[in-house]
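The residues making up each chain are set out below.
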Amino acid sequence: MNSPQYAFFEGEIVPIAQAKVSVMTHALHYGTAAFGGLRGYWNSDQRQLYVFRPLDHFRRFRHSAGLILSEVLYNPEQLLDIVLELLEMEGYEQDIYVRPLVYKSYQGVGVKLHDMPTELTIFALPFGNYMGHDGGLSLTVSSWRRVDDNAIPARGKIAGAYVNSALAKTEAALDGYDDALVLDQNGHISEGSAANFFMIRNGVAITPPVYENLLEGITRRTCITLLTEELGVEVVERSIDRSEVYCAEEAFLCGTAVQVGAVTSVDHRKVGDGEIGPIVSCLSDLFYNIVRGRNEKYNHWLQPVYHGEPASKHHLTP
Ligand code: PMP
């Protein structure tokens, strides 16, 4: 099965073919939508599908919606229930990606955010690796700058702001790189096109702080916890200069799509010795075991889909 059969659309789960919007939809013209992105991991031994940190994702989803004056009428537990019902109907036995989207559904012309109806849709599709990164990722520093908080806030997933990410990603891809590092207006590293960034120097993990125009990533938070609590690696949140990355011992991108992706070169300079280093290697092993339900200590980050007890049993009313 390679495409979704169903979507949550206008208040109910319908066949995906019925989940359609008009060409006049406001969000289509002005990017007035906000979205989320969650992964579900299939564990074939346990025959279980685990959704990773769904309530954290839905909390951020609601904040993202709030940035564009859109209200999500369901709380995180109710959103999880919708996802569980959808996934049970899909019956996936493979890794998947869940996409919730709130959008301004007003059909007409006029640039604004207020006094317009908002709709919610959610669907889930099969999803493997986002970037092939077995041997490590090669990055370049983008010629595009990250949208500033006072232009379009990057801390939420606002649809229109993703043109910024797409410009950076496509420039990097057409130039032969896996992804880009995007600088903020002050010339510091903010993040990748759709993933947060960490580098290791002198054994310390360094990542830009959330006020430097980056998405408040759930995987970023996960990595901070695992680095400090499991690997005993100190994590410092501070600005990173472009040239400092050229001197890093190790580096990685992290996010729901890329997961934990070791970076082995930046602008044709090797990171460390150009191989995946020990800290990133341990972190990614830990991460991939946790998300697939192979580390009981972190089962509280996982929501089982099959035979699991939903948070509040399928109440779809707001
Ligand atoms: N930054 C951007 C711009 C992203 O789109 C994403 C993917 N959602 C991330 C970072 C990583 O965030 P998360 O770990 O919550 O998926």
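These figures come from a predicted structure and were not determined experimentally.

Reading the values: rules and limits
- Residues numbered from 1 in each chain as written.
- Predicted model: local features only at pLDDT ≥ 70, side-chain atom pairs only at ≥ 80, totals over all residues.
- Heavy atoms only, no water.
- Helix = DSSP H or I, 4+ residues; strand = E, 2+ residues; numbered from the N terminus.
- Expected span 1.5 Å × (residues − 1).
- Buried < 20%, exposed > 50% of the residue type's maximum accessible area, 1.4 Å probe, protein only.
- Polar contact = N/O pair within 3.5 Å; in protein donor to acceptor, adjacent residues only side chain to side chain.
- Phe/Tyr/Trp six-rings, centres within 6.5 Å; stacked < 30°, edge-to-face > 60°.
- Patch = residues over 30% accessible without salt bridge, like charges linked within 9 Å, V, L, I, M, F, W, Y side chains within 5 Å.
- Areas by Shrake-Rupley, 256 points an atom, 1.4 Å probe, with all protein chains shown as cover.
- Salt bridge = Lys/Arg side-chain N within 4 Å of Asp/Glu carboxyl O.

Engineer: So what's going on with helix H3 (residues 76-90)? Which residues, and what values?
Structural biologist: Taking 1.5 Å of rise per residue, the 15 residues of H3 would be expected to cover 21 Å, and the 21 Å separating its terminal C-alpha atoms lies within 8% of that figure. The element H3 is extensively covered by neighbouring structure, given that eleven of its 15 residues are classed as buried. Considered for burial, the residues of H3 that qualify are Pro76, Gln78, Leu79, Leu80, Asp81, Ile82, Val83, Leu84, Leu86, Leu87 and Glu90. Put simply, Asn75 is the residue that caps the front of H3, since its side-chain oxygen is 3.1 Å from the backbone nitrogen of Glu77. Note on H3: the residue one or two positions beyond its end, Gly91, has a positive phi of about 65°.

Engineer: Any chance you could break down the packing of aromatic side chains for me, citing the residues and the numbers?
Structural biologist: All told, the structure shown has ten aromatic pairs when counted by the stated rule. When the centroid spacing of 5.9 Å and the interplanar angle of 85° are considered together, the rings of Phe52 and Trp301 count as edge-to-face. Taken together, the positions of Phe52 in strand S5 (residues 48-52) and Trp301 in the loop between helix H7 (278-291) and strand S17 (302-304) put the pair 249 residues apart, joining distant regions of the chain. The pair formed by Phe52 and Trp301 is uniform in burial state, with each residue classed as buried. Between Phe287 and Tyr288, the aromatic rings sit 5.5 Å apart at their centres with planes inclined by 85°, giving edge-to-face as the arrangement. Through pairs of rings, three or more aromatic residues link up here, namely Phe52, Phe287, Tyr288, Tyr298 and Trp301.

Engineer: Report on a nonpolar patch on the surface, specifying residues and quantitative values.
Structural biologist: Among the surface-exposed residues, Val23, Met24 and Leu28 lie close enough to one another that they form a single nonpolar patch of about 330 Å² accessible area. Along the chain, Met24 turns up in the loop between strand S2 (12-15) and helix H1 (26-30). Using a relative accessible area of 44% as the deciding quantity, one classes Met24 as partly exposed.

Note that all results are geometric; they support no functional claim without further evidence.
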